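Spelled out, the chains give:
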Amino acid sequence: MSRFFTTGSDSETESSASGDEPAPKPAGGAYGKPLLLSEDEEDTKRVVRSARDKRFEELSNLIRTIRNAMKIRDVTRCLEEWEALGRAYAKARGVLDRDGAPRCYIRILADLEDYLNELWEDKEGKRRMSKPSARALGTLRQKLRKHNRDFEAQISAYRQNPEQSDEDEEKKSGDSEGSSSSDSDEDADVSSFLKKKEGGGDARGRFLKKLEEEEEDEEESSDEDWGSDDSDTDSESDEDDGKFTSLASKFLKKDDDKRGGERKREEKAKKKLDRRSRRYEEEDEEGDGEWERVRGGVPLVKEKPKMFAKGTEITPAVVVKKLNEILQARGKKGTDRAGQVELLQLLVAVVQEQGLGVPLELKVKFNIVASLYDSSPNLAACMKPELWQKCLGCIEELLELLFAHPDIFVGENIAEESENLANPDQPFRVRGCILTLVERMDEEFTKIMQSTDPHSQEYVEHLKDEARVCAIIARLQRYLQEKGSTEELCRVFLRRILHTYYKFDYRAQRRADPHEAKEKEKVEVEEEEEEDSAALMERLCKFIYAKDRTDRIRTCAILCHIYHHALHSRWYQARDLMLMSHLQDNIQHADPPVQILYNRTMVQLGICAFREGLIKDAHNALLDIQSSGRAKELLGQGLLLRSLQERNPEQEKVEKRRQVPFHMHVNLELLECVYLVAAMLLEIPYMAAHEFDARRRMISKQFHHQLRVGERQPLLGPPESMREHVVAASKAMKTGDWRSCHRFVVNEKMNGKVWDLFPEANKVRAMLVRKIQEESLRTYLFTYSSVYDSISMEILAAMFELDLPTVHSIISKMIINEELMASLDQPTQTVMMHRTEPTPQQNLALQLAEKLGGLVENNERVFDHKQGSYGGYFRDQKDGYRKGDGGYLRRGGYRQQDRGSNY
């Protein structure tokens, strides 16, 4: 036995070792450390418990841990403990299922489900969550919903009667809690006392602060008491040596001491509760407000600063000082952004009540709008709907004040020292820029539209705000036309152009339509005459062309003007403006938003050319966008998959901010269909004319790719997609069957997908049918000209349902361009074939001869390169050779006759 456990002599140890009870051996052998027993281990007694009690205690501990994690919003810990709880319940099911699932288990399932639903519905809280917590929230919610299906009856019964409690479970849980019972009772009493009380927010803040100070003092006093106990035990150690036979028994607690300590703790807790309640009553009497209801946990209430102390004389200088105090907290960590806006609004109310003047009210409202813009946590996030409506209202109030008081000068170049907010003897001067606020408002509107689901009703509701945004920009334009500079006018004109260029003017179309003259008169009577969008764009863009000093604003204005012309089928104006601007020469040096606008303009220009029947111009305008395979990204209508192009998260965020809102998108399926149909009308006649030409070039690689995809299909069924319709139409056009080609291109399915989306759909369909007839005629003549000696133009007109002058014009152009070796017999209206074209067998023979010649030439080049004589040249005389020696061989090689060596 170790010497630590005895104070007697060696004889006493021998006698004790020779007794009835064997002496315990220390763990670790003769040289092991002594076994030190703590107070809890010595004090506790072994208790035999049933398996049910053990399992129940294990479940209770896990449930308590889950509830603690719920209080601190630790979703990851909740997931871990819930999985452990599931495993523990699976082990205890054989023991606990005799009486059914424990009520505490059902209660935690219901409470955890409510807690997770609350977190899931809190969008702002989910956005602030870390990625592991967000993943844990989704995983736990899904698993819990699946698990709770087995306990639906018990959970519903618990929800109907949540007040019912199981006394046995409470007793068992009460035994395990033990030492913390007094503290929990005390906290419960304090919380119930706080619920009954009604007092001011200031009194509550002071009470909590004093309560924390009191707890710190009590902790310090308890530490001092421990120190005095240590000194007492040191002084009394000699007296106690004779009372205890071993040191181990000396440190054991007695039952009387334990009961006395519990009584002392209870009395101390009651005194502490009495002091808290009395102090709170005193603070409650001083306060004059009401308590704010909070939801679980410790309320994190920050004491709002008072606007002005009682008896303070409110002057413009005092208000400005208070405004600066509020603004100093702007941007600091922990600052309540919404609280700042509320304080500034209270300050505006104070200014209006005291009648301190409009200039001071303007200054505060400028800061209110700036604080509303700062309410977003980061640059990519948009404003909340309620803040957005408040922002629009504040800007409208600012414009009303500026129009009502034209004597107030507002500018961003005014220093704060030179402001005049109250002196009527001098002109009022306020620092601020209304143009910057409106531009930021326009950007926020774009961000709101980008972050909203375009297929939801919410997007439609947000889109209705565009009318207010445009009205604010128009009012700002009228204000700056009187007081603004040329640069500011160019900026506000560009903002108005950007909200106008992509909209089709249906009113102007109705006025121009002769069949709607009566409706035009009704519209003029009911509505006031407004300026057409064409005249508005012309006026705004011409001002920018003449006055702007920055290339970017002018470039954007030109592109928007071209887009608007093309949208309204003014092809020649749009084409001439594009050619005169020379933007295509240096657009690659512009910033990405301008490049996106340029791509959108070129696409709209190509669609306009297609509507006008200019197939070649349409194909040339759309070629660059469609051949890249990245039309969606180049038009700013979405991002490609990350597997196709690697980008880091920062680049992805920047590119998402450049996206165009959904209501400004160009239909990509319509764009591709227009391009493929234009390529079909150009490529099929060209392929028929150069069928046996080995050096035939491709007009459209994408169109040929679609043809190859269609040919590789083992089973050809009826076309389903838009591309399959175009491929089927191309195969029909190859044989000159224009009716089948027409049926594949123009049908109900294609009308719903593409052609009905044009403003004048019937006109486009009629143009398309005529182009198909003409190109099918040309393809037929190219393909079967070698079969005919002569053919009547009347028969051709009947075959393709074209009038005779049109057929005559097409054949004449083909003869003039030397595409068709024939002549026209005018009296008989007959086309006479000259048969100067080679037959198909001759064409194949010519192709074979040309390919063999190419192979021979390549073979000779390879052989000469190996011998070192291909492309050789005479060396200088310093190498021992003279220029001009020897004769030239084929392919530039030569032979040195004198020396007999080849180079």
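What this report covers is the structure whose coordinates are included nearby. Everything numeric here is computed off the predicted structure, so don't read it as measured data. (Residues numbered from 1 in each chain as written. Predicted model: local features only at pLDDT ≥ 70, side-chain atom pairs only at ≥ 80, totals over all residues. Heavy atoms only, no water.)

## A look at the overall build of the protein
Broken down by element type, the protein carries 41 helices and seven strands. Put simply, the protein has 903 residues, and 36% of those count as buried. Put simply, of all contacts in the protein between residues at least 6 apart along the chain, 65% involve residues at least 24 apart. Working note: accessible area of the protein is about 56,200 Å², and carbon and sulfur atoms make up 49% of it. (Helix = DSSP H or I, 4+ residues; strand = E, 2+ residues; numbered from the N terminus. Buried < 20%, exposed > 50% of the residue type's maximum accessible area, 1.4 Å probe, protein only. Contact = heavy atoms within 4.5 Å. Areas by Shrake-Rupley, 256 points an atom, 1.4 Å probe, with all protein chains shown as cover.)

## So, the packing of aromatic side chains
Inspection of the entire model under this criterion finds 14 aromatic pairs. Judged by centre distance (6.1 Å) and plane angle (10°), the ring pair of F610 and W755 falls under stacked. In this pair, F610 sits in helix α29 (residues 592–611) while W755 sits in the loop between α37 (748–753) and α38 (761–784), placing the two residues 145 residues apart along the sequence. Here a set of aromatic residues connected by ring pairs shows up, and it is made of Y780, Y784, Y788 and F800. The ring of W120 is capped by K126, whose NZ or CZ atom sits 3.8 Å from the centre of that ring. If you follow R141 out to its NZ or CZ, it ends over the ring of W120, 4.5 Å from the centre. (Phe/Tyr/Trp six-rings, centres within 6.5 Å; stacked < 30°, edge-to-face > 60°. Lys NZ or Arg CZ within 6 Å of the ring centre and 35° of its normal.)

## Let's talk about a positive patch on the surface
A cluster of basic residues, K131, R135, K653, R657 and R658, forms a positive patch on the protein surface. Contributions of two or more residues to the positive patch are made by α7 (131–147) and α32 (649–657). Structurally, K131 can be placed in helix α7. (Patch = residues over 30% accessible without salt bridge, like charges linked within 9 Å, V, L, I, M, F, W, Y side chains within 5 Å. Salt bridge = Lys/Arg side-chain N within 4 Å of Asp/Glu carboxyl O. Lys, Arg positive; Asp, Glu negative; His and termini not counted. Charge placed at Lys NZ, Arg CZ, Asp CG, Glu CD.)

## Considerations on the nonpolar core
As a rule of thumb, nonpolar side chains are buried together in soluble globular proteins. Within the largest apolar cluster, 155 residues are counted, with the highest numbers of intra-cluster contacts made by F610, M680 and W755. With residues up to four places along the chain from it excluded, the contact list for M680 reads P685, F703, V726, A729, S730, M733, C741 and V745. L79, W82, A110 and F151 belong to the second largest nonpolar core, which has 31 residues in total. (Core = buried A, V, L, I, M, F, W, Y, C linked by side-chain atoms within 4.5 Å.)

## Considering the sheet that holds strand β4 (residues 822–825)
The sheet built from three strands is open, its strands ordered β3-β5-β4 with antiparallel pairing. Edge positions in the open sheet fall to β3 (790–792) and β4, since each of these has one partner strand only. Averaged over all pairs of adjacent strands, the angle between strand axes in this sheet comes to 20°, irrespective of strand direction. Examined bridge by bridge, β4 and strand β5 (residues 830–833) share four bridges and lie antiparallel to one another. Among the inter-strand pairings, D825 is bridged to a residue of β5, identified as T830. Sheet strands in contact with helix α39 (residues 793–800) are β3, β4 and β5, and its direction is about 60° off that of β3. Here helix α40 (residues 804–816) sits on the sheet in contact with β4 and β5, set at roughly 140° to β4. (Pairing = 2+ DSSP bridges. Axes fitted to C-alpha atoms, helices over the stretch in contact; angles between N-to-C directions.)

## Thoughts on the pairing of β5
Direction of pairing for β3 relative to β5: antiparallel, over a ladder of three bridges. When the sheet's bridge partners are listed, S790 is paired in β5 with M832. As consecutive antiparallel partners, β4 and β5 are separated by four residues, and within that stretch Q829 has a phi angle of approximately 55°, a positive value.

## Focus on the side chain of R611
The topology assignment puts R611 in helix α29. In this structure, R611 is in contact with A566, L567, S569, Q604, F758, V764 and M767, ignoring residues within four places of it in sequence.

## Observations regarding a nonpolar patch on the surface
There is a patch of nonpolar side chains on the surface, built from L848, L852 and L855 and spanning about 310 Å² of accessible area. Tracing the chain through its elements places L848 in helix α41 (residues 840–867).

## Focus: the packing of helix α22 (residues 486–498) against helix α25 (residues 533–547)
Interhelical geometry of α22 versus α25 gives an angle of 145° and a closest axis separation of 10 Å. Handedness of the α22/α25 crossing: left-handed. Here T486, L489, C490, F493, L494, R496 and I497 of α22 come into contact with α25, specifically with L536, M537, L540, C541, F543, I544 and K547. By residue class, the composition of the contact of α22 with α25 is 11 nonpolar, one polar and two charged. (Left-handed = near helix turned anticlockwise from the far one by under 90°. Nonpolar A, V, L, I, M, F, W, Y, C, P; charged D, E, K, R; others polar.)

## What about the pattern of salt bridges?
Counted under the stated rule, the structure contains 35 salt bridges. Between K143 and E83 there is a salt bridge, with its nearest N and O atoms 3.1 Å apart. With a gap of 60 residues between them, K143 in helix α7 and E83 in helix α4 (residues 75–96) connect regions that are remote in the sequence. Between K542 and E538 there is a salt bridge, and its shortest N-O distance comes to 3.3 Å. A residue pair is termed a helical-turn pair when its members lie 3 or 4 positions apart in one helix, as K542 and E538 do in helix α25 at four residues. What emerges from the salt-bridge pattern is a single network uniting E124, R127, R128 and K384.

## Comments concerning the side chain of S371
With respect to the element layout, S371 can be found in helix α17 (residues 358–373). Residues within four places of S371 in sequence aside, it is in contact with Q340, V341 and L344.

Function-wise, these values are silent; they only describe arrangement.
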